[in-house]
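Fold and geometry: a report
Residues per chain, in single letters:
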Amino acid sequence: MPVARGKAFCEAGDMQHVANLGVADPARADPFAPGVVLLRQAVRAQFRAVIGEVPVILRVESGRKVLLGAIEAQVPEGALALMPAGQPMDVENHPGAGGLYRATGIMVADALACPRGTSAAPWSNDPRALAAFERALAAQRSPGVPQSLRDHAVLEVLLWLDAAGVRLPPLAPPALPDRVRQITGAALDHDWRAAEIAAVLAMSEATLRRRLAGFGVGLSALLADQRMNRALALLQATDLPVGVIAGDVGYASPSRFAARFRARFGVTPGAIRGLR
């Protein structure tokens, strides 16, 4: 597990990578534990077609969150929502009275099944679900708690959300773009070539490009968008300098990275953190 180079604040786009930045001290409770995401955003902004890598149970602490796409909701302060993985979502975070949008999330492990099907409600402020979330959060932050018990605590939250009618859309088999993202997401600072990715997928480079075109996306555009999603998560999730984040997602030039980020999301990297 890589060692964090900065204090985690944390957000949503590529959650698994963000969580891997944290290293728990076995001698104390860890507020920035792997599996926990702490979102902070200083400006109101809409992020189009953001794709998360793992499902997340999110509690809005300050402000509100607007979701459009596979899930449509306006999640108010104090409520819980389920954020899907692998599905493009338009996300708009509205800062609260203190000038910040803040949220806390718990990633759902692969071993756990999120409730899926027809959703009766996009969010819940049921006190029992919120109390279960607090217990799960405490378990995640306690290094002495076995993973099986951490998972059990998260499962309790999922069961309460299911009882409240908060469910994710039915899960579809991973499409080719999803499989490509799984490969490249492990090392976005790598200069990926089509031939490398095609070899992992056991197909020719021409077949890879042709099949991606069938989904209306090219390999270069897919990689660029994945890098911007990861950058957004790191900007919201850590205090790493923008130049370091640029390198982490494959940009040698911070200025070129900033221009691409602004073209993608409509705001500069510094604006996410409230910097001019």
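Right above here is the structure, for reference.
Below: a short report on this structure. (Residues numbered from 1 in each chain as written. Predicted model: local features only at pLDDT ≥ 70, side-chain atom pairs only at ≥ 80, totals over all residues. Heavy atoms only, no water.)

This paragraph deals with the environment of Arg44. Tracing the chain through its elements places Arg44 in the loop between β1 (36–41) and β2 (45–50). Counting along the chain gives 57 residues from Arg44 to Tyr101, while the straight-line C-alpha distance between them is 8.2 Å. At a separation of 2.8 Å, a polar atom in the side chain of Arg44 contacts the side chain of Glu92. (Helix = DSSP H or I, 4+ residues; strand = E, 2+ residues; numbered from the N terminus. Polar contact = N/O pair within 3.5 Å; in protein donor to acceptor, adjacent residues only side chain to side chain.)

Taken together, the four strands give an open sheet; going across it, the order is β1-β8-β3-β6, and neighbouring strands pair in antiparallel fashion. Looking at which strands have only one partner, the edges of the open sheet turn out to be β1 and β6 (80–83). Neighbouring strand axes in the sheet, compared pairwise and without regard to direction, differ in orientation by 25° on average. Looking at chain direction, strand β3 (residues 56–62) and strand β8 (residues 101–107) are connected through six bridges and run antiparallel. Bridge assignment links Ile57 to a residue of β8, and that residue is Ile106. Contacting β1, β3, β6 and β8, helix α2 (residues 127–140) runs over the sheet at an angle of about 70° to β8. (Pairing = 2+ DSSP bridges. Axes fitted to C-alpha atoms, helices over the stretch in contact; angles between N-to-C directions. Contact = heavy atoms within 4.5 Å.)

The final tally for this structure, using the stated rule, is 11 salt bridges. With a shortest N-O distance of 2.6 Å, Glu156 and Arg135 are connected by a salt bridge. With Glu156 in helix α3 (residues 147–163) and Arg135 in helix α2, this residue pair connects regions lying 21 residues apart in the sequence. With relative accessibility at 42%, the residue Arg135 sits in the partly exposed group. With a closest N to O distance of 2.4 Å, Asp225 and Arg264 form a salt bridge. (Salt bridge = Lys/Arg side-chain N within 4 Å of Asp/Glu carboxyl O. Buried < 20%, exposed > 50% of the residue type's maximum accessible area, 1.4 Å probe, protein only.)

So, on to the sheet that holds strand β7 (residues 89–94). Adjacent strands of a sheet pair through backbone hydrogen bonds, lying either parallel or antiparallel. Read across the open sheet, the four strands follow the order β2-β7-β4-β5; overall the sheet is antiparallel. The open sheet is flanked by β2 and β5 (73–75), the only strands paired with a single partner. The average undirected angle you get between the axes of adjacent strands in this sheet is 15°.

A few words on the side chain of Asp90. Assignment of secondary structure puts Asp90 in strand β7. Reaching out from Asp90, the side chain makes a polar contact with the side chain of Arg48 at a distance of 3.3 Å. A polar contact is formed between the side chain of Asp90 and the backbone nitrogen of Ala49, at a distance of 2.8 Å. Apart from the residues within four sequence positions on either side, Asp90 is in contact with Phe47, Arg48, Ala49, Val66, Leu67 and Leu68.

A few words on the packing of α2 against α3. In a packed pair of helices, the relevant descriptors are the angle between the two axes and the axis-to-axis distance. The N-to-C vectors of α2 and α3 enclose an angle of 160°; their axes lie 8 Å apart at closest approach. Looking at the two axes, α2 sits roughly antiparallel to α3. In this structure, α2 crosses over α3, and the sense of that crossing is left-handed. Of the residues in α3, those in contact with Arg128, Ala129, Ala132, Phe133, Arg135, Ala136, Ala139 and Gln140 of α2 are Arg150, Ala153, Val154, Glu156, Val157 and Trp160. Of the residues assigned to the contact of α2 with α3, the class counts are nine nonpolar, one polar and four charged. (Parallel < 35°, antiparallel > 145°, perpendicular 65-115°, else oblique. Left-handed = near helix turned anticlockwise from the far one by under 90°. Nonpolar A, V, L, I, M, F, W, Y, C, P; charged D, E, K, R; others polar.)

The geometry of two aromatic rings is summed up by the distance between their centres and the angle between their planes. What the rule picks out here adds up to four aromatic pairs. Aromatic ring contacts, followed pair by pair, group Phe47, Tyr251, Phe257, Phe261 and Phe265 into a single cluster. (Phe/Tyr/Trp six-rings, centres within 6.5 Å; stacked < 30°, edge-to-face > 60°.)

To continue, consider unusual backbone geometry. The backbone of Ala49 shows a phi angle near 55°, a positive value even though the residue is not glycine. Position of Ala49 among the secondary structure elements: in strand β2. Judged by relative accessible area, Ala49 falls into the partly exposed class, the value being 32%. Residue Ala202 is not a glycine yet carries a positive backbone phi of 60°. Within the secondary structure, Ala202 is located in the loop between α5 (194–200) and α6 (205–214). Taking relative accessible area as the criterion, Ala202 reaches 73% and is therefore assigned exposed.

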